Amino acid sequence: MSIIARDSQAGIIGASEKEMVAQAETALADIARVREGVGRVIFGQEMVVERVLVALMAGGHALLVGVPGLAKTKLVETLGIVLGLDTRRIQFTPDLMPSDILGSEVMEQDEKGRRGFRFLPGPIFAQLLMADEINRASPRTQSALLQSMQEYHVTVTGHRHDLPSPFHVLATQNPLEQEGTYPLPEAQLDRFLMQVDILYPELEAEKRILLETTGVEEARPENVLAPERLKEVQTLIRRMPVPESVVEAILALVRSARPGLGHPETDRHVAWGPGPRASQALTLCARARALYDGRLAPSVDDVRALAEPVLQHRMALTFAARAEGMSVRDVIARLVKGLG
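Read on for a plain summary of the structure.

### Digging into the side chain of R229
Argument step 1. With respect to the element layout, R229 can be found in helix α9 (residues 227-239).
Argument step 2. Among the polar contacts made by the side chain of R229, one reaches the side chain of D30 at a distance of 2.5 Å.
Argument step 3. Residues contacting R229, with those up to four places away along its chain left out, are Q23, T26, A27 and D30.

### Observations regarding the side chain of T181
Argument step 1. By the element assignment, T181 lies in the loop between β8 (168-173) and α7 (186-189).
Argument step 2. Excluding its chain neighbours within four sequence positions, the residues that come into contact with T181 are N135 and R136.

### A closer look at the packing of aromatic side chains
Argument step 1. The full count for this structure, using the stated rule, is two aromatic pairs.
Argument step 2. Between the aromatic rings of F119 and F125, the centroid separation amounts to 5.8 Å while the plane-to-plane angle is 70 degrees, which identifies the pairing as edge-to-face.
Argument step 3. Pairing Y152 with F167 gives two aromatic rings, centres 6.2 Å apart and planes at 90 degrees, and the pair type is edge-to-face. In this pair, Y152 sits in the loop between α6 (139-151) and β6 (153-156) while F167 sits in the loop between β7 (159-162) and β8, placing the two residues 15 residues apart along the sequence.
Argument step 4. Relative accessible area serves as the criterion here: at 2%, F167 is assigned to the buried category.

### Considerations on unusual backbone geometry
Argument step 1. Residue S165 is joined to P166 through a cis peptide bond whose omega torsion reads 0 degrees.
Argument step 2. Here Y152, not a glycine, exhibits a phi torsion of approximately 65 degrees, which is positive.
Argument step 3. The residue T157 is not glycine, and still its phi comes out positive at about 50 degrees.
Argument step 4. For T157, a relative accessible area of 55% corresponds to the exposed category.

### A closer look at the nonpolar core
Argument step 1. Ranked by size, the top nonpolar core spans 71 residues in total, and within it V52 and L291 carry the most contacts.
Argument step 2. When residues of this core are assigned to their parent elements, the largest contribution, nine residues, is made by helix α12 (residues 276-292).
Argument step 3. Setting aside residues up to four positions removed in sequence, L291 forms contacts with A24, A27, L28, I31, M57, V233, L236, I237 and M240.
Argument step 4. Judged by nonpolar contacts, the second largest core, of 26 residues, contains L63, F119, A144 and L145.

The rules we used
Residues numbered from 1 in each chain as written. Predicted model: local features only at pLDDT ≥ 70, side-chain atom pairs only at ≥ 80, totals over all residues. Heavy atoms only, no water. Helix = DSSP H or I, 4+ residues; strand = E, 2+ residues; numbered from the N terminus. Polar contact = N/O pair within 3.5 Å; in protein donor to acceptor, adjacent residues only side chain to side chain. Contact = heavy atoms within 4.5 Å. Phe/Tyr/Trp six-rings, centres within 6.5 Å; stacked < 30°, edge-to-face > 60°. Buried < 20%, exposed > 50% of the residue type's maximum accessible area, 1.4 Å probe, protein only. Core = buried A, V, L, I, M, F, W, Y, C linked by side-chain atoms within 4.5 Å.

Right, here's the structure in full:
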């Protein structure tokens, strides 16, 4: 049943609501084509694809965490083609400098001998930036991304340079290898809308990978959406109403994850918890997930489903909790159960 049919039966559609529902129906068709386009190349991993697309539809950035060989790079490249985004990749290494990302000014001389500086933009000037193995670069270089991820512009030699719109960062990180890496600072982690953990594929999906990627021909992604259309979908998501019950659930969940606010288990296990940006992220992502699922408003189930990817990189456990073998995911799972 379509969004329009469901809401017509409920008898709640006014003039403005009808317009919004019509826009949502169109967006839903576009999302279906995007999902089909990605599914032609990325086999299995439906939850991963859903969460990354939700992050992009919500207008944010995502951190992809998984061992090598799980198609993180291929997923980003596929999304860039399917969504029609100008995509660039930066392979982070210890010797990478901020200017290698942002760009630099060079001195030039014209035909009349006059000299002047011209800005040469770096690879960050893209609509979809893949920051591959982001934790391999030094904190100095990692910090070069901070301003761009939050302010959507960079400053070089005192001059502001706006980034393309839309602008998204999909960063990858290997959770196993820690030698020669630099953990991302909390301030930068907080800029990622979600942390998406990528696990090993199911048996049938891996079998399909073997059969379809080792032959002469391999499926290629095709463009189905334009960047301007993606921006329209992002605007629509921000216009979606959020029920009071969902707002209360988000506030209850995020505040229960902070020590010192009367939650005994959190006080015992959590060293520091998520800030207001986590509540903002949950609200945006819940709206995007609702639209992704064909609904015009989010529900508490969306909050439950997104609690782990939105909160896990915004919390830290106490030493005692780690000594007990607990993980952040365990704490979040218990807090989600408390929502009822």
